[in-house]
Amino acid sequence: NSVVGKEVQDRPGQKFMDPIPIYIERLDDLLNTDEIEVGVMKIDVQGFECFVIEGMQNILRKTRMIRFEVAQNWLLSFSCSGTKLFDEFHQNNMNVYTSPQMQIQPSYSGKGRVE
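What you see is a predicted model, and the numbers here were worked out from it, not measured in a lab.

A. Inspection of the pattern of salt bridges at higher detail. Tallied over the entire structure, the rule returns three salt bridges. Ionic pairing is found between R26 and D28, a salt bridge with its closest N-O pair at 3.8 Å. Accessibility expressed as a relative area gives 39% for R26, which makes it partly exposed. Accessibility expressed as a relative area gives 9% for D28, which makes it buried. We note a salt bridge from R26 to D29, for which the minimum N-O separation is 3.2 Å. Through salt bridges with shared partners, a single network forms among R26, D28 and D29.

B. Geometry of the nonpolar core. Ranked by size, the top nonpolar core spans 17 residues in total, and within it M41, I53, M56, L60, I66 and F89 carry the most contacts. Elements supplying a minimum of two residues to this core: β3 (38-43), α2 (49-54), α3 (57-60) and α5 (82-91). Discounting residues that sit within four places of it in the chain, M41 has contacts with L27, M56, I59, T63, M65, I66 and R67.

Criteria and cut-off values
Residues numbered from 1 in each chain as written. Predicted model: local features only at pLDDT ≥ 70, side-chain atom pairs only at ≥ 80, totals over all residues. Heavy atoms only, no water. Salt bridge = Lys/Arg side-chain N within 4 Å of Asp/Glu carboxyl O. Buried < 20%, exposed > 50% of the residue type's maximum accessible area, 1.4 Å probe, protein only. Core = buried A, V, L, I, M, F, W, Y, C linked by side-chain atoms within 4.5 Å. Helix = DSSP H or I, 4+ residues; strand = E, 2+ residues; numbered from the N terminus. Contact = heavy atoms within 4.5 Å.

Structure follows, in structure tokens:
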């Protein structure tokens, strides 16, 4: 698992492939946000979630639900955290639901609930 110049091991002895160049573009720049409404979105970007959310602020306001997993070690490798990510959703008036096994919790209280 090597993403955008980072190698973060999921398990001891994990082997990495040689990097390949990738092109990154903001989702807000790719889609006409005047004509879009998103019912469900899945994000699986191995710790790059904060950057993805940053690049989709207009679409985020038109998205009803986002499904993603949070791995703190992956987020930290990109100077992000689960708390920062959850707080971003909260600032956009989205509720955050987590599983009982979740180690990371939103820092805010009030709107939203943690399950």
